[in-house]
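For reference, the chains in residue letters:
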Amino acid sequence: MPGHQADRLGLAYAAGAYLCWGMMSIYFRQTSFMSAPEVLDHRILWSLVLTALGTFILVPRADIAALFGDRRKLAGLLLSSVFLATNWLIFIWAVAEGQALEAGLGYFICPLLSVALGVWLFKERMSRVQFAGLVIVTIGVGLTTFAFGRLPWIALSLAGTFAIYGLCRKVLKVPAMLGLFAETLLLFPFALAHAVWLEQSGQGHFLTADWQGQLLMAGLGLITTVPLLFFAGAANRLSLTLMGLMQYLNPTVQVSLAVLAYGEPFTGIHAITFGAIWLGLGVFSLAPFLRRRQNAPVPAEPVISLDN
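Residues numbered from 1 in each chain as written. Predicted model: local features only at pLDDT ≥ 70, side-chain atom pairs only at ≥ 80, totals over all residues. Heavy atoms only, no water.

So, on to the confidence of the model for the protein. Put simply, the protein has an average pLDDT of 85, and 89% of its residues get 70 or more. In the model, residues 300-308 has pLDDT below 50 throughout and makes 0 contacts with residues more than four positions away in sequence or in other chains. (pLDDT = per-residue confidence, 0-100. Contact = heavy atoms within 4.5 Å.)

Our next topic: the packing of aromatic side chains. Applying the stated criterion to the full structure yields 16 aromatic pairs. Taking 6.2 Å as the distance between ring centres and 70° as the angle between the ring planes, the aromatic pair formed by Tyr 107 and Phe 162 counts as edge-to-face. In this pair, Tyr 107 sits in helix α6 (residues 100-122) while Phe 162 sits in helix α8 (residues 153-172), placing the two residues 55 residues apart along the sequence. Note on Phe 266 and Phe 274: the rings are 5.8 Å apart at their centroids and 35° apart in plane angle, and the pair reads as tilted. We classify Phe 266 as partly exposed; its relative accessible area is 35%. (Phe/Tyr/Trp six-rings, centres within 6.5 Å; stacked < 30°, edge-to-face > 60°. Helix = DSSP H or I, 4+ residues; strand = E, 2+ residues; numbered from the N terminus. Buried < 20%, exposed > 50% of the residue type's maximum accessible area, 1.4 Å probe, protein only.)

Non-glycine residue Lys 173 carries a positive phi angle of around 55°. When you line up the elements, Lys 173 lands in the loop between α8 and α9 (176-200).

The next subject is the packing of helix α3 (residues 36-58) against helix α10 (residues 211-235). The geometry of a pair of packed helices is captured by two quantities: the angle between their axes and the separation between those axes. α10 packs onto α3 with a crossing angle of 50° between their chain directions and a minimal axis gap of 7 Å. When the interaxial angle is binned, α3 and α10 end up oblique. Here α3 and α10 pass one another in a crossing that is right-handed. Taken together, the residues of α10 that come into contact with α3 (itself represented by Val 39, His 42, Arg 43, Trp 46, Ser 47, Leu 50, Thr 51 and Leu 58) are Met 217, Ala 218, Leu 220, Gly 221, Leu 222, Thr 224, Thr 225 and Leu 229. Of the residues belonging to the contact of α3 with α10, the class tally is 9 nonpolar, 6 polar and 1 charged. (Axes fitted to C-alpha atoms, helices over the stretch in contact; angles between N-to-C directions. Parallel < 35°, antiparallel > 145°, perpendicular 65-115°, else oblique. Left-handed = near helix turned anticlockwise from the far one by under 90°. Nonpolar A, V, L, I, M, F, W, Y, C, P; charged D, E, K, R; others polar.)

With that out of the way, let us pick up α6. The terminal C-alpha atoms of α6 lie 33 Å apart, and with 23 residues this matches the ideal 33 Å at 1.5 Å per residue to within 8%. If you look at α6, its biggest bend is around 30°, right at Cys 110, and the proline Pro 111 turns up within four residues after that. In the segment just after α6, Lys 123 is the residue with positive phi, at about 55°. (Expected span 1.5 Å × (residues − 1). Bend = angle between axes of the 7 residues up to and from the residue.)

Printed below as a string of structure tokens:
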């Protein structure tokens, strides 16, 4: 595939993935007739169905066998699945409780928390410009205590659980689709047991719902798997720098929906808080481009010939 065409396709895939993630709160508002744990149950159960199908179609059998024969990686995926499920549960609950704005803040913080973990645990280097951006964002996060009138525990919990989840997946080095299949498979017994208990105790909704409601529950697997496939397609075609810049599309859409569609309050202190965070992210994201310009070879001065 020609380079420009691959780049355009990669941008389309990345935009699709991050827009899907950003608009996911719309779907969770439609499932708010269920409790957050029940929504989580169905997200795990139906995601397993689709990721199993995708894995057996797209992933070589040898890779599947190698993963399920590696106890160390399975133990690591069990740990990562706990952080993933916790992140999903907090986000589902936050949207249902009218806290989508704070949830969006969490996904602004998450990438920089991941960077901080990389510097701390893997001794990755951070430039002065990136450090300055990180400091500005930290100030912005500190201001959220005044913006929300309390410690923004939803945002910090979402950022922390997803950053640690990303750390686990970085260490394990398992492909996205295969990894999510294994994680949902490991979570499956707990989700199924809880869903069955809810139905038997009369608190469940799947067996009593009409076909539209059941379709809505089954769609939880679709909204989980499709963005993942888009993301994988983008990651294979775009640079990490460009992917890093585009990931902020997700929380930007989340915050915009929270304020414009759901009517959550956005005060002057909110504007200062998010302004500081966006400024910090802008400074941080510019660092790779500044480094590239500094390392670019200086063009030689033209040689003027006196010969005719």
